[in-house]
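Examination of the molecular architecture
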Amino acid sequence: MIIADRISKHFNGIEAVKDVSFQVSEGETMVLLGTSGCGKTTTLKMLNRLIEATSGRIEILGKDISKEKPEILRRSIGYVSQNNGLFPHYTVAENIAVVPKLLNWPANDIGRHTDRLLEQLKLPANFKDKYPDELSGGQQQRVSIARALIADPPVLLLDEPFGALDPVTRASVRRDFTELPALKQKTTVLVTHDVQEALQLGDQICLMDQGRIVQQGKPGDLLLRPVNEFVHAFLGQQLEDISRIYERIRAQA
Ligand SMILES: Nc1ncnc2c1ncn2[C@@H]1O[C@H](COP(=O)(O)OP(=O)(O)OP(=O)(O)O)[C@@H](O)[C@H]1O
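Residues numbered from 1 in each chain as written. Predicted model: local features only at pLDDT ≥ 70, side-chain atom pairs only at ≥ 80, totals over all residues. Heavy atoms only, no water.

- For the chain, the name recorded in an unreviewed UniProt entry is ABC transporter ATP-binding protein, with Dyadobacter endophyticus as its organism.
- What the UniProt record of the chain gives under Sequence similarities (unreviewed entry) is the line "Belongs to the ABC transporter superfamily." (UniProt positions renumbered as here; feature names shortened; annotations may be inferred.)

And the structure:
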């Protein structure tokens, strides 16, 4: 369970996040949705203390995170950052093994779990010795997801995990990701600006604008009962764009 209670973040006078509150129940996926600069990433990074909140309270798994050491807190939180965050001088296997090594797992266990995740994420086993720049963007994202999942953390924070991918690759990485057995029990917060992704993946959506939550609810609430014109336009415009992309891809097929 994640509870954010009136959290705010000020950067030198800029109010990036203002009085944001939400709760994510165990096993649920909450999407932070909104345009660039509305405060989604800042909100997400406050949850694993990559950014310290200026005010407000955050509770994860029953504990006030301000009272925990960040490195201990992050052991129970898998994190996929916006540009995959893989270490360029580490191989795929070494990247995936970062957290298990910190946890002193035996090498055999690390190897077994790595092989299983590579298989589930449709990456060939011989990719283990490759370096990130030898992989496509979609493959790098798959490795980044494997790295976030290997130690089986109960909480996952995902910042635009499919953001840099073309629509077709994006759909395929997203599908393989959602089918991962490990995902079923995770409490997840996902950042995206993509309405379709939010509607497909979110049990709950927080639509943000200028640092605030404009509407929070189930996908159907935002779609069918928008609280104002901003929500209506944000969802409507993107869904129109998606149907245009779909028509174009279909015409090319
Ligand atoms: N370290 C920082 N110092 C100063 N201002 C910052 C810093 N990080 C973010 N901001 C500002 O805070 C606001 C929110 O940024 P944030 O990255 O959270 O937005 P976002 O919704 O995630 O955008 P994007 O989708 O483009 O990543 C922006 O105005 C941004 O310029």
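Having put the structure on the table, let's press on.
**Let's talk about the site of the ligand**
- Inspection of the region around the ligand gives Phe11, Ala16, Thr35, Ser36, Gly37, Cys38, Gly39, Lys40, Thr41, Thr42 and Gln82 as its neighbouring residues.
- Contact distances for the ligand include 2.5 Å between an oxygen atom and a side-chain N or O atom of Ser36.
- The contact in question runs from an oxygen atom of the ligand to an N or O atom on the side chain of Gln82, over 3.0 Å.
- Protein contact buries 62% of the 630 Å² of open area that the ligand shows by itself.
- With three residues, helix α1 (residues 40–47) is the single largest residue contributor to the shell around the ligand.
- Of the residues assigned to the shell around the ligand, the class counts are three nonpolar, seven polar and one charged. (Near = heavy atom within 4 Å. Polar contact = N/O pair within 3.5 Å; in protein donor to acceptor, adjacent residues only side chain to side chain. Areas by Shrake-Rupley, 256 points an atom, 1.4 Å probe, with all protein chains shown as cover. Helix = DSSP H or I, 4+ residues; strand = E, 2+ residues; numbered from the N terminus. Nonpolar A, V, L, I, M, F, W, Y, C, P; charged D, E, K, R; others polar.)

**Topic: the side chain of Thr188**
- Note on placement: Thr188 falls in strand β8 (residues 187–192).
- The contacts of Thr188, once residues within four sequence positions are left out, are Val24, Glu28, Thr29, Met30, Leu156 and Leu158. (Contact = heavy atoms within 4.5 Å.)

**Notes on the state of the cysteines**
- Within the structure shown, the criterion is met by zero disulfides.
- Considering cysteine sulfurs only, Cys206 is the nearest to Cys38, which forms no disulfide, with 11 Å between them. (Disulfide = S-S within 2.5 Å.)

**Some remarks on the pattern of salt bridges**
- Scanning the model with the defined rule gives 12 salt bridges in all.
- Across the pair Arg6 and Asp19 runs a salt bridge, and its minimum N-O distance is 3.1 Å. Linking Arg6 in strand β1 (residues 2–11) with Asp19 in strand β2 (residues 14–24), this pair joins segments that are 13 residues apart in sequence.
- With a closest N to O distance of 2.7 Å, Lys128 and Asp115 form a salt bridge. Within this pair, whereas Lys128 is found in the loop between α5 (107–120) and α6 (137–149), its partner Asp115 is found in helix α5, the two being separated by 13 residues in sequence.
- According to the relative accessible area criterion, Asp115 is partly exposed, its value standing at 36%.
- Connected through salt bridges with shared partners, the residues Arg57, Glu59, Asp64 and Lys67 form a single ionic network. (Salt bridge = Lys/Arg side-chain N within 4 Å of Asp/Glu carboxyl O. Buried < 20%, exposed > 50% of the residue type's maximum accessible area, 1.4 Å probe, protein only.)

**Section: the packing of aromatic side chains**
- For the structure on display, the rule yields three aromatic pairs.
- Judged by centre distance (5.5 Å) and plane angle (65°), the ring pair of Phe162 and Phe177 falls under edge-to-face. Note that Phe162 is positioned in the loop between β7 (155–159) and α7 (167–178) and Phe177 in helix α7, a separation of 15 residues in sequence.
- Taking the ring centre of Phe127 as reference, the NZ or CZ of Lys130 above it sits at 5.4 Å.
- Against the face of Phe87 rests Arg147, its NZ or CZ located 5.5 Å from the ring centre. (Phe/Tyr/Trp six-rings, centres within 6.5 Å; stacked < 30°, edge-to-face > 60°. Lys NZ or Arg CZ within 6 Å of the ring centre and 35° of its normal.)

**Notes on α1**
- The buried count for α1 comes to six of eight residues, which makes it a mostly enclosed element.
- Of the positions making up α1, those classed as buried are Lys40, Thr42, Thr43, Leu44, Met46 and Leu47.
- Arg49 sits one or two residues past α1 and shows a positive phi near 60°.

**Some details on the sheet that holds strand β9 (residues 204–209)**
- Taken in spatial order, the six strands of this open sheet run β6-β7-β8-β3-β9-β10, and their pairing is mixed. Two strands in the sheet have a free side with no partner beyond their single neighbour: β6 (77–80) and β10 (212–217). On average, each strand axis in the sheet is inclined to that of its neighbour by 15°, with strand direction left out of account.
- The sheet contact formed by strand β3 (residues 29–33) and β9 spans four bridges and is parallel. Along β9, the bridge assignment pairs Leu33 with Leu207.
- The strands touched by α6 are β6 and β7; relative to β6, the strand with the most contacts, the crossing angle is about 165°. (Pairing = 2+ DSSP bridges. Axes fitted to C-alpha atoms, helices over the stretch in contact; angles between N-to-C directions.)

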